Each structure stands twice: as structure tokens, then as C-alpha cells.
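One letter stands for each residue in the lines below.
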Amino acid sequence: MSFNTISVIGLGYIGLPTAAMFASKQKKVIGVDVNQHAVDTINAGNIHIIEPELDAMVKKAVDGGFLRATTSPEPADAFLIAVPTPFLPVKTESSIPEPDLSYIESAAKSVAKVLKKGDLVILESTSPVGTTEQMAAWLAEERPDLTFPQTHGEDSDVRVAHCPERVLPGHVIRELVENDRVIGGMTDRCSEASIEVYKAFVEGDCVVTNARTAEMAKLTENSSRDVNIAFANELSIICDKLDINVWELINLANLHPRVNILQPGPGVGGHCIAVDPWFIISKTPDESRLIHMARKVNDFKPHWVIDKVKMKVAEFLLSNTNKTASDVTVACFGLAFKPNIDDLRESPALNITKELATLNFGKLLVVEPNICNLPDSLKNDMSLVSIQTAINSSDICVLLVDHSEFKLIEKSALNNVVIIDTKGIWIGGKK
Ligand code: SAJ
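Criteria and cut-off values
Residues numbered from 1 in each chain as written. Predicted model: local features only at pLDDT ≥ 70, side-chain atom pairs only at ≥ 80, totals over all residues. Heavy atoms only, no water. Phe/Tyr/Trp six-rings, centres within 6.5 Å; stacked < 30°, edge-to-face > 60°. Helix = DSSP H or I, 4+ residues; strand = E, 2+ residues; numbered from the N terminus. Buried < 20%, exposed > 50% of the residue type's maximum accessible area, 1.4 Å probe, protein only. Near = heavy atom within 4 Å. Polar contact = N/O pair within 3.5 Å; in protein donor to acceptor, adjacent residues only side chain to side chain. Areas by Shrake-Rupley, 256 points an atom, 1.4 Å probe, with all protein chains shown as cover. Nonpolar A, V, L, I, M, F, W, Y, C, P; charged D, E, K, R; others polar. Pairing = 2+ DSSP bridges. Axes fitted to C-alpha atoms, helices over the stretch in contact; angles between N-to-C directions. Contact = heavy atoms within 4.5 Å.

This next bit is on the packing of aromatic side chains. Taken as a whole and assessed by the stated rule, the structure comprises four aromatic pairs. Aromatic pair Phe333 and Phe406: ring centres 5.3 Å apart, planes at 80°, arrangement edge-to-face. In this pair, Phe333 sits in strand β9 (residues 329–333) while Phe406 sits in helix α16 (residues 404–407), placing the two residues 73 residues apart along the sequence. Taken together, a centroid distance of 5.1 Å and an interplanar angle of 80° make the contact between Phe333 and Trp426 edge-to-face. Of this pair, Phe333 sits in strand β9 while Trp426 sits in the segment after β13 (418–421), placing them 93 residues apart in sequence. Each member of the pair, Phe333 together with Trp426, is buried. By way of ring pairs, the aromatic residues Phe333, Phe406 and Trp426 are connected into one cluster.

Here is the structure:
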């Protein structure tokens, strides 16, 4: 087997770095994306997403003639599908979100058109258990002239595997190389072929399992983190009621050699940890009680923070009887979904800030050192200001993201404002 031409379908946060990585190893890479703007940007040697080191890699790959982007698949030896797997819209607030596999379906159907005997198709998108088999069925439906592993096992013309991405946004380039890779072939030969592909750049171990276990492994990793964060978030609510500093408490408990509690926050954001557990819950709702409860605990936390702000505003007005709610200035520190990134998508900090904007306090100020302008949807309701302006002009400071810049703020600078610190960096426990 030799995989000299690799096609990556979906040139987003995972697909583009993966494509650039293969190109850096002098593979011929054809990137495919339905977004014409992304395709044009990449072909000009630029990038449409933010990820450290990626811009230089893509430029070198395009200039060297190893990476080219297009909107429809072309023949290749291996196809890696890295498209989104979002939810379908929920019917009621209490319904369990169901995954939307339509992006995988249309990627598979478009790849099917150019498949030939000996090709390998790898699903990288995080997917509910059974999706790889479903993808193989879509491929077979489109190409009755070729054979697939579900009917022809090791003798199939086309090989199919699930090899989930596991990289951390912000560290993608390093983690693509260093992380171990789970290789879930539909047969042993599918796994062997996938290992050959990834060994072009993966320095971690390629650990073989079957496709269903590989799907569940990825969902388990993110659900494990979600459940553990839920425990921390629940502790933060309990401690608030009992007048205990949760940050000090967690530091103390973590001194035990077999305890490692994660950190509470304003909720869980991003496109993975708050999403992937639902792929388990929607398949096995009766069995996933703890995973489901963890999701509810984490989704409740932003509401709890909003109530906390309302309470602090009420307390502030009680001790400042010359003021009304419309005189109160609230400053939110951080909009991103986690520290030191500019990604505002699926961010609890952003959602809390938007909700606070509806409460008609006097002014809402926002500090987000990682962006230069507020998104258009927020511009009318709040102002983006510097750290100093926020502290000097506000009555209540709500810390929502533990960006490095906020950790440098001297405690004494906050003496004259009311603080709500959801990340424990201003009111953190003694170490
Ligand atoms: N968070 C907390 N407390 C913590 C840790 C995180 O509240 O102690 C919050 C963050 O603030 C953020 C959310 O959780 O809102 C998720 O952040 P994260 O840094 O834990 O993870 P992601 O979503 O950026 O990336 C995760 C990673 N998965 C695991 O660490 C198990 C990454 O390796 C996956 O590749 C990625 O999901 C993915 O694509 O699935």
C-alpha cells in the first residue's frame, strides 16, 4: 500500500492543520471544503481560522505545491473526513439533543464519486457510536461497483476506519504529532492502512481497536472531562452556600495523592466537551444517568452566575441608596470559551454577558484582550474597553475567563469594586 495523495474533506479547525501536516511531509494533499471563501483563502497561502503556527505551515505547503484546496473531491489514495457533527434543533428545552450527521453523509456521498479500488476512507469527526458503519453504508450505496468491509471483510476494495481527532485548540500542531492516535478500522487491514497514513507525521503510538470502540473512546474522553468539571461546578455552588472558598477547598483536597478535582467556572463551553456527551446520552438515555446529570449541572452554571450578578446588584443598591439599577455599571472580564484564545463560539462567558445586557443596568462594559472589535450582534448593548477603564468606571466586575492579563491585575486595584470571580483568580484560595 502507498498513500501518496491524501484528500482531507472539511478544512476547519481539525482538517486544515491535518492537511498542512501531511503536506509538510511532502505528501500531495487535496483539501476539500464547501466554503469557497475558505478554499480561496487557503489557495492564496492564508488561513481562515486562528491556530498558532498554522499560518506559516499552510503558506509553506501551498507555496511548495503540496497543498491545494478545492470545493469538490478529486481522486486520491486516502480520504480523511473532518466535517462538523452538530446537533439537530431541539424540540423543547428538556429534549435530548440528537446529532446531525448530514455533513458526514454529504461528505461521504461526494467522496464516493471518486473512489477506486485500494482507497482508504477515514472518519475523523467526533461521532456517535455506529456512524462509521453508517458512513460505509452510504459509500456502498453510492458505489455498487466497489466492495466495502461490511460485506467483504478483509477482501474489500475500499477500506474504512474511524480515527478520532483528539487535539486541544491552541496546541493543535504539537498535539497532532505527539498525541497517541486511536485507530478504529472496520477490519484489521483497514487499521493497518490507517496506521500507514498517520505514521507520516504521528510520533505518538497508533493504538488499534475497532470502529465502534474508537467512536466511544473519543466520546468517553470528553464526557469524562465534562463529568469531572460538573463535580467542580457543583462544589462551587455548595461552597457558596456554606461560605467556603471553593478554590482553597479544591487546592486542599487535591493535596491527597489520589484526588484530582478540576476547576469550576462559569459553565462549560467550546464545540466538544459540552456537545459530545449528548452523543452518548441520545443513544442510551436510560443508561447515561450520570453523564446526563453532569451536562445539566454544567449547563445550569451560567444561570447561577447571572443570578449571582443580580443579587450583587441588589446588595449594591441597598448600600448605595442614592442610586438606582440604571446607575449601576457592570464590567465583564472575558468573552472567550476558555483562557487565552479569541474563540467566542459556544462560550458561557459570552452567553452570560449577552443575558446581562438584557437586564437594563446602567452600562455594560466588556474586557476581552484577545479581540479588537466586538461582534456586530453585541455592539449596541455594550462597550469593549481596557482593563483599566473597566476597573475605574464600574461598580461590579464579573470575572468570566481566566485570561493571563486578568491574573496580573493587582488585588489592591479592585478594592473599590464589587467582585464576582467565577474562576478564582482574584479571590483564589491560599496555596
Ligand atoms: N473547563 C472548566 N474547568 C476545567 C477545565 C475546563 O470549566 O477544569 C472548561 C473550559 O473553560 C471550557 C471547557 O471546559 O469552557 C472546555 O475546555 P477544555 O480546554 O477542557 O477542552 P476543549 O473543548 O478545548 O478540547 C477538548 C479536549 N478534550 C479533552 O481534554 C478530553 C481536546 O483534547 C479534544 O480534542 C477536543 O475537546 C475535541 O475536539 O473534542
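Let us look at the site of the ligand. As a structural note, the neighbourhood of the ligand is formed by 20 residues, with Glu165, Val167, Lys218, Asn222 and Arg225 the closest of them. Between Arg166 and the ligand, the recorded distance is 2.9 Å, taken from a backbone N or O atom to an oxygen atom. Across the complex, the protein chains shield 87% of the 780 Å² of accessible surface that the ligand would expose by itself. Element by element, the count of residues in the shell around the ligand is highest for helix α9 (residues 211–242), at five residues. For the shell around the ligand, the per-class residue count stands at nine nonpolar, three polar and eight charged.

On to the sheet that holds strand β7 (residues 181–185). Strand order in this open sheet of eight strands is β3-β2-β1-β4-β5-β6-β7-β8, and the pairing throughout is mixed. In the strand order of this sheet, the two ends are held by β3 (67–70) and β8 (206–210), each with one partner. Along the sheet, successive strands turn relative to each other by an average axial angle of 25°, direction set aside. Summarising the sheet, strand β4 (residues 78–81) and strand β5 (residues 120–123) pair through four bridges and their orientation is parallel. Residue Ala78 lies in a different strand from β5, and its bridge partner there is Leu120. Relative to strand β6 (residues 159–162), helix α5 (residues 131–142) is tilted by about 150°, and along the sheet it contacts β4, β5 and β6.

We now examine the side chain of Asp77. In this structure, Asp77 sits in the loop between β3 and β4. A relative accessible area of 19% places Asp77 in the buried class. Once residues within four sequence positions are removed from consideration, Asp77 is found in contact with Ser2, Phe3, Asn4, Thr5, Lys116, Gly118, Asp119 and Leu120.

Turning our eyes to something else, we now look at the side chain of Thr41. Here Thr41 lies in helix α2 (residues 36–43). Residues contacting Thr41, with those up to four places away along its chain left out, are Asn46, Ile47 and His48.

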